[in-house]
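Each chain, written out:
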Amino acid sequence: MSIEQAGQSIPEDTRSQGNSVGENASIRIVEVLAEDATQDSAKRTDSYQLLSIDTSSTAPETNSLEQSRERLMCTAYRLCELNEPRMAVMLVMDHLDDYLHSGDFVACNSVLRCFDPSRLADAVIITVLGITLGAKQKLTSRNSFYQRALEVFGSRRGEDEAKALLSKYQ
């Protein structure tokens, strides 16, 4: 299996619905070429795309909490739009886990308050609820996020199924 870069870094501008990843953020598309050894005639090549998100920023640390939250949210939204829920789950889990382990409940509350569940894949919503469950007493915005998530799941799956799926994360 060989890995080749398919083009340059593509500057990312996700200003749709008022959000931006940040001036210096970029999405790198990497194409993975896999030779299909089961084909006898003329080796067939399948290509798959992997996504690498660079959310680093050289902007001044003036509003670092807001900038960090915005980068996290916009990147998670973009990954969900690109049908990459696993990557969005890993990103969200990593950030929220860091906030919780460091005791930064202000940052975690900020994310919970601002996240729009309607722009997230179901797996990401469940990840947010699951990872914050143990700290729900300290997260004042969690109940509001749960209610919004329940509404989104209700519209996607029906009210009964939504309650059944999310009740253990309340």
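Thoughts on the overall build of the protein
Next up, step 1: Broken down by element type, the protein carries six helices and four strands.
Next up, step 2: When the helices and strands of the protein are read in sequence order from the N terminus, they spell out β-β-β-β-α-α-α-α-α-α.
Next up, step 3: Taking contacts inside the protein between residues at least 6 apart in sequence as the whole, the part at least 24 apart equals 59%.
Next up, step 4: Surface summary for the protein: the accessible area is close to 10,100 Å², and the carbon and sulfur share equals 48%.

Quick look at helix H5 (residues 142-157)
Next up, step 1: With 16 residues, H5 extends 22 Å between its outermost C-alpha atoms, agreeing within 8% with the 22 Å of an ideal straight helix rising 1.5 Å per residue.
Next up, step 2: Each element contacted by the buried residues of H5 is listed here: helix H3 (105-114), helix H4 (122-132) and helix H6 (159-166).
Next up, step 3: Downstream of H5 by a residue or two, Gly158 has a phi angle that is positive, lying close to 100°.

Some words on the pattern of salt bridges
When the charged atoms of two side chains with opposite charge come close together, those side chains can pair.
Next up, step 1: Applying the stated criterion across every chain yields a total of seven salt bridges.
Next up, step 2: Between Arg69 and Glu70 there is a salt bridge, with the nearest N and O atoms lying 3.6 Å from each other.
Next up, step 3: The structure contains a network of salt bridges with shared partners spanning Asp122, Arg156, Arg157 and Glu161.

Points about the packing of helix H2 (residues 85-101) against H4
Next up, step 1: Taken N-terminus to C-terminus, the directions of H2 and H4 make an angle of 20°; their axes are 9 Å apart at the nearest point. Overall, the two elements H2 and H4 adopt an arrangement that is roughly parallel. For the element pair H2 and H4, the recorded crossing hand is right-handed. Contact residues: Pro85, Ala88, Val89, Val92, Met93, Leu96, Asp97 and Leu100 in H2; Ala123, Val124, Thr127, Val128, Ile131 and Thr132 in H4.
Next up, step 2: For the contact of H2 with H4, a count of residues per class yields 11 nonpolar, two polar and one charged.

What about the packing of helix H1 (residues 64-81) against H2?
Next up, step 1: Taken N-terminus to C-terminus, the directions of H1 and H2 make an angle of 160°; their axes are 8 Å apart at the nearest point. One way to sum up the angle between H1 and H2 is to call them roughly antiparallel. Handedness of the crossing formed by H1 with H2: left-handed. Taken together, the residues of H2 that come into contact with H1 (itself represented by Ser68, Leu72, Thr75, Ala76, Leu79 and Cys80) are Pro85, Met87, Ala88, Leu91, Val92, His95 and Tyr99.

With respect to unusual backbone geometry
Next up, step 1: Notably, Asn83 is not glycine yet its phi reads approximately 60°, a positive angle.
Next up, step 2: Residue Asn83 is classed as exposed on the basis of its relative accessible area, which comes to 62%.

Quick word on the confidence of the model for the protein
Next up, step 1: Looking at the protein as a whole, its pLDDT mean stands at 74, while 63% of the residues score no less than 70.
Next up, step 2: Ranking the elements of the protein by mean pLDDT puts strand E1 (residues 2-5) last, at 34, and H4 first, at 97.
Next up, step 3: Segment residues 1-62: pLDDT under 50, and 97 contacts once partners within four positions in sequence are set aside and those in other chains are kept.

Some words on the nonpolar core
Next up, step 1: Of all hydrophobic cores here, the largest spans 34 residues; its most connected members are Val92, Phe115, Leu120, Ile125, Leu129, Phe145 and Leu166.
Next up, step 2: Counting residues per element, the ones that place at least two in this core are H1, H2, H3, H4, H5 and H6.
Next up, step 3: It is H2 that provides the largest number of residues to this core, a total of seven residues.
Next up, step 4: If sequence neighbours within four positions are ignored, Leu120 has contacts with Ala76, Tyr77, Cys80, Phe115, Ile125 and Arg156.

Conventions used here
- Residues numbered from 1 in each chain as written.
- Predicted model: local features only at pLDDT ≥ 70, side-chain atom pairs only at ≥ 80, totals over all residues.
- Heavy atoms only, no water.
- Helix = DSSP H or I, 4+ residues; strand = E, 2+ residues; numbered from the N terminus.
- Contact = heavy atoms within 4.5 Å.
- Areas by Shrake-Rupley, 256 points an atom, 1.4 Å probe, with all protein chains shown as cover.
- Expected span 1.5 Å × (residues − 1).
- Salt bridge = Lys/Arg side-chain N within 4 Å of Asp/Glu carboxyl O.
- Axes fitted to C-alpha atoms, helices over the stretch in contact; angles between N-to-C directions.
- Parallel < 35°, antiparallel > 145°, perpendicular 65-115°, else oblique.
- Left-handed = near helix turned anticlockwise from the far one by under 90°.
- Nonpolar A, V, L, I, M, F, W, Y, C, P; charged D, E, K, R; others polar.
- Buried < 20%, exposed > 50% of the residue type's maximum accessible area, 1.4 Å probe, protein only.
- pLDDT = per-residue confidence, 0-100.
- Core = buried A, V, L, I, M, F, W, Y, C linked by side-chain atoms within 4.5 Å.

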